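# Reading the structure
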Amino acid sequence: MIILVLSDIHANIEALEAVLAHAGPFDRLWFLGDAVGYGPDPNACVERLIELDPEVWLAGNHDYAALGKLDLESFNPEARQAAEWTGDQLSPACRAQLDSVEPLVRLAEQDVTLVHASPRRPIWEYILDAGTAFENFEHFSTALCFFGHTHVPAIYEEAVDGVLRTRVDLDVPHALADAEGSRWLINPGGVGQPRDGDPRASYLRLDLERRQITFHRVAYAIATTQRKILAAGLPARLAARLDYGW
Ligand code: ZN
């Protein structure tokens, strides 16, 4: 069974469509939250996701912000402006969908936890270093945990001996069964606003039977998204950052 794991689409329909075209057929979709915020196409992205009918659909902090479920004081001015604009744009159906999902889901049968930010703080914490990852292994009990929020693809492995490893080479497929008892925290990277210096959309594919994950990067029509951001009157920096993948 092939599962696509996507996160942080951020209302970027060009990036989402490029990822779907690149991915080809799949059996299931797990989406880790932040369908909207920053980007110019919130309704189109939510409607496309509804069409795809994900097995898991999580809420992110930007989804909450657009719905007025978070205090916007915690956002920087550009993110706040985008959240307010997004809130005005959302159709009743898209708003209802975003309002119906939670930031953390556990799939007992597959032994997988899915969370937007971190198992410890599902809406807020950024897992950007091994130390934070290490602390978070105590906060979930499944073998696998997928998280988003940082927009940076990553794998942290906790081996049975308690040793933590960070795998940095994401260009080759990773087997998740090479050491019995190991557990993993895995981030597919961001679809709509990558932040690791590579502007291409990021996602991963999980082969559940083979216990193998493969990271992918996909070029998309960044200039189109940028034009729409500017035409919508959103902050120019939100357009500029797409060019350099931050
Ligand atoms: Zn995000």
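The model shown is predicted, which means the values in this text are computed figures rather than measured ones.

### What about the overall build of the chain?
- The helix and strand tally for the chain stands at 8 helices and 12 strands.
- A compact globule built from 246 residues should have a C-alpha radius of gyration of about 18 Å, and the chain, at 17 Å, falls within 12% of that.
- For the chain, the spread of C-alpha atoms along the three principal axes comes to 55 × 35 × 30 Å.
- The long-range fraction of contacts in the chain, counting pairs at least 24 apart against all pairs at least 6 apart in sequence, stands at 70%.
- Here the chain has roughly 10,000 Å² of accessible surface; of this, 51% comes from carbon and sulfur atoms.

### Observations regarding the side chain of Ser7
- Its location among the elements puts Ser7 in the loop between strand 1 (2-6) and helix 1 (13-23).
- With residues near it in sequence (within four places) discarded, Ser7 still touches Phe31, Leu32, Gly33, Gly148, His149, Pro188, Gly189, Gly190 and Val191.

### Quick notes on the nonpolar core
- Within the largest apolar cluster, 47 residues are counted, with the highest numbers of intra-cluster contacts made by Leu6 and Leu98.
- Looking at this core element by element, the count peaks at 7 residues for helix 1.
- Within the second largest apolar cluster, 21 residues are counted, among which are Trp30, Leu32, Leu58 and Ile155.

### Focus: the packing of helix 7 (residues 222-231) against helix 8 (residues 236-244)
- Where helix 7 meets helix 8, the axes come as close as 8 Å, and the angle between the chain directions of the two elements is 170°. Here helix 8 runs roughly antiparallel to helix 7, going by the angle between their axes. Where helix 7 approaches helix 8, its residues Ile222, Thr225, Gln226, Ile229 and Leu230 are matched on the opposing element by Ala236, Leu238, Ala239, Ala240, Leu242 and Asp243.
- Class assignment of the residues belonging to the contact of helix 7 with helix 8 gives a composition of 8 nonpolar, 2 polar and 1 charged.

### Looking at unusual backbone geometry
- For Ala11, which is not a glycine, the phi torsion comes out positive at approximately 55°.
- Positive phi outside glycine occurs at Asp34, with the angle close to 65°.
- For Asp34, the location among the structural elements is in the loop between strand 2 (28-31) and helix 2 (42-52).

### Here's the deal with the pairing of strand 10 (residues 183-187)
- Counted residue by residue, strand 10 has 5 buried out of 5 residues, so it is predominantly covered.
- On strand 10, burial covers both faces: Arg183, Leu185 and Asn187 on one face and Trp184 and Ile186 on the other are all buried.
- Strand direction decides the pairing type here: strand 6 (residues 144-147) and strand 10, joined by 3 bridges, are parallel. Residue pairing in the sheet places Cys145 in a bridge with Leu185 of strand 10.

### A look at the coordination of the zinc ion
- On the protein side, the zinc ion has Asp8 (OD), His10 (NE2), Asp34 (OD) and His151 (NE2) as donor atoms, found 2.0 to 2.4 Å from it.
- All donor residues of the zinc ion come from one chain, and their arrangement in sequence is D-x1-H-x23-D-x116-H.

### Let's talk about the packing of aromatic side chains
- As enumerated under the stated definition, the model contains 4 aromatic pairs in all.
- Consider the rings of Phe31 and Trp57, whose centres lie 6.1 Å apart with planes at 80°: the pair is edge-to-face. Of this pair, Phe31 sits in strand 2 while Trp57 sits in strand 3 (residues 56-57), placing them 26 residues apart in sequence.
- Exposure remark for Phe31: the relative accessible area of 0% places this residue in the buried category.
- Judged by relative accessible area, which is 9%, Trp57 ranks as buried.

### A few points about the packing of helix 2 against helix 5 (residues 92-99)
- Where helix 2 contacts helix 5, the two axes come as close as 10 Å, and the packing angle between them is 65°. Note on packing geometry: the crossing formed by helix 2 with helix 5 is left-handed. Only Cys94, Gln97 and Leu98 of helix 5 make contact with helix 2, whose side of the interface consists of Asn43, Val46, Glu47 and Ile50.
- Class assignment of the residues belonging to the contact of helix 2 with helix 5 gives a composition of 4 nonpolar, 2 polar and 1 charged.

### Digging into the pattern of salt bridges
- In the structure shown here, the tally under the stated rule is 14 salt bridges.
- A salt bridge links Glu125 to Arg120, with the nearest nitrogen and oxygen atoms 2.4 Å apart.
- Exposure remark for Glu125: the relative accessible area of 12% places this residue in the buried category.
- Put simply, Arg183 and Glu158 hold a salt bridge, and the shortest N to O gap is 3.1 Å.

### Observations regarding the sheet that holds strand 8 (residues 164-167)
- One open sheet accounts for 6 strands, arranged 4-5-6-10-7-8; its pairing is mixed. With partners counted over all chains shown, the strands left at the sheet margins are strand 4 (104-107) and strand 8, one partner each. Here the average twist between neighbouring strands, direction ignored, is 15°.

What counts and what doesn't
- Residues numbered from 1 in each chain as written.
- Predicted model: local features only at pLDDT ≥ 70, side-chain atom pairs only at ≥ 80, totals over all residues.
- Heavy atoms only, no water.
- Helix = DSSP H or I, 4+ residues; strand = E, 2+ residues; numbered from the N terminus.
- Rg over C-alpha atoms; globule rule 2.2 N^0.38 Å.
- Contact = heavy atoms within 4.5 Å.
- Areas by Shrake-Rupley, 256 points an atom, 1.4 Å probe, with all protein chains shown as cover.
- Core = buried A, V, L, I, M, F, W, Y, C linked by side-chain atoms within 4.5 Å.
- Buried < 20%, exposed > 50% of the residue type's maximum accessible area, 1.4 Å probe, protein only.
- Axes fitted to C-alpha atoms, helices over the stretch in contact; angles between N-to-C directions.
- Parallel < 35°, antiparallel > 145°, perpendicular 65-115°, else oblique.
- Nonpolar A, V, L, I, M, F, W, Y, C, P; charged D, E, K, R; others polar.
- Pairing = 2+ DSSP bridges.
- Donors = N, O, S within 2.8 Å, 3.2 Å for Na, K, Ca; no water.
- Phe/Tyr/Trp six-rings, centres within 6.5 Å; stacked < 30°, edge-to-face > 60°.
- Left-handed = near helix turned anticlockwise from the far one by under 90°.
- Salt bridge = Lys/Arg side-chain N within 4 Å of Asp/Glu carboxyl O.

Don't take any of this as a statement about function, it's just geometry.
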